[in-house]
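One letter stands for each residue in the lines below.
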Amino acid sequence: MRAATLAVATLMVLAGCALPGERDPDAPVVKHVLPDEEVDDVVREYRTVRGAAVDALDPQPLSTVETGSALAIDTGMFTIAEELEREEFAFDGAFTVEESYLPRFSRYPLWFATVVSDDATGRRQVQVFERGTASEPWLVTLTAEITEKTRLPGVGRSGDAARRVAPDDGTAMAGAPEDILASLAASLEDDEAEATWRDDPFVEQMAGALRANQQLDGVSFEQSWSTEPEVYALRTEDGGALVFGTLLRQNTFTVDGGLRVTWPENSPQRAFWPDGVVGTGSLRYAHQLVVYVPPDGSDEPPRTLGASGGVIDSSADPN
Amino acid sequence: MRIIGWRLLQGAGVLALLAGIAGIAVFGPDSRFVSGPHPIETEGSAIVTRPGVIAWKDVQIEVLAEVPGDKPVFVGLGNSVDVMSYVEGTERLEVISFEPPWSVETSAAQGGPALPASPTAMDWWIAGEGGLGGALLQARLPDESVSVAVLSVGDANLRGLTLSTAYGIEGIFARSIGLILLGGAVVMLVHLLLRREPGEDEQVVYVVVEEDGSEREISAEELEALGEVEIIEETEVPPGERR
């Protein structure tokens, strides 16, 4: 009978190899955002185009590789660099993709996040790439710098894909990603930051800038914060979330009647208002952040892990 | 019970033999099953299969799109998420069900007259081919939700389009021959084995050796009537042979 069993097994294998398989009809229609081996190509293309734009201080090519606040920040940076005759670093040399977070999607827009370190400077950036439709290119929507020592929490996986969290889903966490960013904006707007965020490095840095602006002689200063609707979030292994989002800050300087206020040579205000401000002047900033949201029951508060930002707009009203 | 096992094996051999014959009859020496050309009535610039319509994997497919004149045309296979996003804003014909060899149901979807960008510029096609007057897609269906798209390029449309399809299973012809040979061999071997094996209808013949050395066949009853006997020899004789 051993010979018979062997013969049957051979028949089954031979027949089985020849037959095609039917896919599970209940399998969801999904797309893994990008093959892992293509991430380097996307990052390289971005850095090449951005590098050329920085070298020429020409924001035009940037719109083919950046969008939203990321584009606005770089465009503002070009204005400042041009006005102040400052040289900006291009980040267009050799690089290392330290980590890629590649989720699955059932529809566009698609996005993924990476941690990229610049080999020449060692500077590390978390970047979010988004593709709005299948006919559009990958565009950077968020860049936030993290320090050399910053370790991002491990991201949960479902198969070979990073797990996403909906921006409004706060299940089993300290809060929904968009609510956490709103709470951060609210605490920045208030002089007395909420206890949750009081020791956060980004909040401390912004509080220092606020105090400096409030001390200007002959100027009344107001500051307001808001959040941008585009929020990206990944589930961390501990059940929390890694959130990528942008806060908008508006600084308004109202100069006392009969006065003209000028700012120091290297300040952004000098670039936008070389002759100073009479009346009212406003600068809008975008701050792109990486925020860790802990799971329910954790002793840790939410905290910012990285940030980048800059002036994106200005206005002046002499009346 | 032993004989049932052998008969089951012989049945499997017959099945393999029939499967092999069917494989050769359907797919032929080139391991492909061809259908078409089939005319498609459309004035638009895109035809796509909806997600889920292509339900197979590991099948080699070929789609030949032909248009009159030298109009440029593109045929591509892509993940359904990509393909549906790409054609979302374009007037199109969607294939909502398909059964080989050629049973097709379609539904028209509204949209603009042109595609958002040239299909040849897209980087997410799993496989795709463009051409003037015709294009041939050759691809193996992966284990993911995919859609086939036939698209016009530039200002052209798909008026006058005909489609031919071919489905193939790699090496099916050789495998079919293998099945025929193996199945046939199993059937024959089992048949020969069963011819030699004594079955439940085994017949026992008793032979008495007389004192003068002559042999005589007796029945079981005669043997019993003899009482105690000395057994000189026991011999198994294959069916059909007589001693």
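Residues numbered from 1 in each chain as written. Chains lettered and ligands numbered in written order. Predicted model: local features only at pLDDT ≥ 70, side-chain atom pairs only at ≥ 80, totals over all residues. Heavy atoms only, no water.

Caption draft 1: Here's a closer look at the confidence of the model for chain B. The pLDDT averaged across chain B works out to 87; a share of 93% of its residues lies at or above 70. If you check the scores for this complex, the pTM reads 0.80 and the ipTM reads 0.86. (pLDDT = per-residue confidence, 0-100.)

Caption draft 2: Looking closely at the interface of chain B and chain A. Between chain B and chain A, the residue contacts involve 35 residues of the former and 25 residues of the latter. Counting each side, the surface lost to burial between chain B and chain A is near 2500 Å², with a carbon and sulfur contribution of 70%. Contact with chain A buries surface across chain B, with B:W56, B:V81 and B:R175 losing the most and accounting together for 21% of the total. Linking chain B to chain A there are three salt bridges. (Contact = heavy atoms within 4.5 Å. Buried area = accessible area lost by both parts, 1.4 Å probe. Salt bridge = Lys/Arg side-chain N within 4 Å of Asp/Glu carboxyl O.)

Caption draft 3: Inspection of the sheet that holds strand 6 (residues 92–99) of chain B at higher detail. All names here are of chain B. The six strands are arranged 7-6-2-10-5-8 in an open sheet whose pairing can be described as mixed. Of all the strands in the sheet, just strand 7 (103–109) and strand 8 (127–132) have a single pairing partner and so form its edges. Strand-to-strand twist across the sheet, computed as the mean angle between neighbouring axes with direction ignored, equals 20 degrees. Summarising the sheet, strand 5 (residues 72–79) and strand 10 (residues 146–152) pair through seven bridges and their orientation is antiparallel. Note on strand 10: the bridge partner recorded for V75 is V150. (Pairing = 2+ DSSP bridges. Helix = DSSP H or I, 4+ residues; strand = E, 2+ residues; numbered from the N terminus. Axes fitted to C-alpha atoms, helices over the stretch in contact; angles between N-to-C directions.)

Caption draft 4: Expanded view of the pairing of strand 10 of chain B. Residue and element names in this part refer to chain B. A large share of strand 10 lies buried, amounting to seven of its seven residues. Where burial is concerned, the two faces of strand 10 agree: the one with V146, V148, V150 and S152 and the one with S147, A149 and L151 are both buried. The pairing of strand 2 (residues 46–49) with strand 10 spans three bridges and is classified as antiparallel. By the bridge assignment for strand 10, V48 is matched with A149. (Buried < 20%, exposed > 50% of the residue type's maximum accessible area, 1.4 Å probe, protein only.)

Caption draft 5: Structural detail: a nonpolar patch on the surface. The grouping of B:V14, B:L15, B:L18 and B:I21 at the surface amounts to a nonpolar patch, some 370 Å² of accessible area in total. Looking at where B:I21 falls in the secondary structure, it is placed in helix 1 (residues 2–27). (Patch = residues over 30% accessible without salt bridge, like charges linked within 9 Å, V, L, I, M, F, W, Y side chains within 5 Å. Areas by Shrake-Rupley, 256 points an atom, 1.4 Å probe, with all protein chains shown as cover.)

Caption draft 6: How the structure looks around the packing of aromatic side chains. Enumeration according to the criterion identifies 18 aromatic pairs over all chains in this entry. Here A:W111 and A:F244 contribute two aromatic rings whose centre-to-centre distance is 6.5 Å and whose plane-to-plane angle is 70 degrees, an arrangement assigned as edge-to-face. Of this pair, A:W111 sits in strand 5 (residues 110–118) while A:F244 sits in strand 12 (residues 241–255), placing them 133 residues apart in sequence. Across this residue pair, the class does not change: A:W111 and A:F244 are buried. Measuring from ring centre to ring centre gives 6.4 Å for B:F98 and B:Y167, while their planes differ by 50 degrees; the resulting arrangement is tilted. Residue B:F98 is found in strand 6, and its partner B:Y167 is found in strand 11 (residues 162–168); the two are separated by 69 residues along the sequence. Residue B:F98 is classed as partly exposed on the basis of its relative accessible area, which comes to 23%. Judged by relative accessible area, B:Y167 falls into the buried class, the value being 14%. Aromatic rings pair up to connect A:Y46, A:F112, A:F129 and A:W138 into one cluster. In this arrangement the basic side chain of A:R249 is found over the ring face of A:Y285, its NZ or CZ atom lying 3.8 Å from the centre. (Phe/Tyr/Trp six-rings, centres within 6.5 Å; stacked < 30°, edge-to-face > 60°. Lys NZ or Arg CZ within 6 Å of the ring centre and 35° of its normal.)

Caption draft 7: The side chain of A:N251, seen in detail. Relative to the helices and strands, A:N251 resides in strand 12. Sequence-distant contacts of A:N251, defined by excluding residues within four places in its chain, comprise A:N213, A:F221, A:E222, A:Q223, A:G281, A:S282, A:L283 and A:Y285.

Caption draft 8: How the structure looks around the packing of helix 2 (residues 39–56) of chain A against helix 3 (residues 68–83) of chain A. Residues and elements named next belong to chain A. Running from amino to carboxyl end, helix 2 crosses helix 3 at an angle of 25 degrees, the nearest separation of the two axes being 11 Å. With respect to helix 3, the element helix 2 is oriented roughly parallel. When you trace helix 2 past helix 3, the crossing you get is right-handed. Mapping the contact onto sequence places Y46, R50, A53 and V54 in helix 2 and D74, M77 and F78 in helix 3. For the contact of helix 2 with helix 3, a count of residues per class yields five nonpolar, no polar and two charged. (Parallel < 35°, antiparallel > 145°, perpendicular 65-115°, else oblique. Left-handed = near helix turned anticlockwise from the far one by under 90°. Nonpolar A, V, L, I, M, F, W, Y, C, P; charged D, E, K, R; others polar.)

Caption draft 9: Broad picture of helix 2 of chain A. Residue and element names in this part refer to chain A. Its 18 residues give helix 2 an end-to-end C-alpha distance of 26 Å, which sits within 8% of 26 Å, the value for a rise of 1.5 Å per residue. For helix 2, the full list of buried residues reads V39, V42, V43, Y46, R47, V49, R50, G51, A53 and V54. Contacts made by the buried residues of helix 2 are with helix 3, strand 3 (95–101), strand 5, strand 6 (124–131) and strand 7 (139–146). (Expected span 1.5 Å × (residues − 1).)

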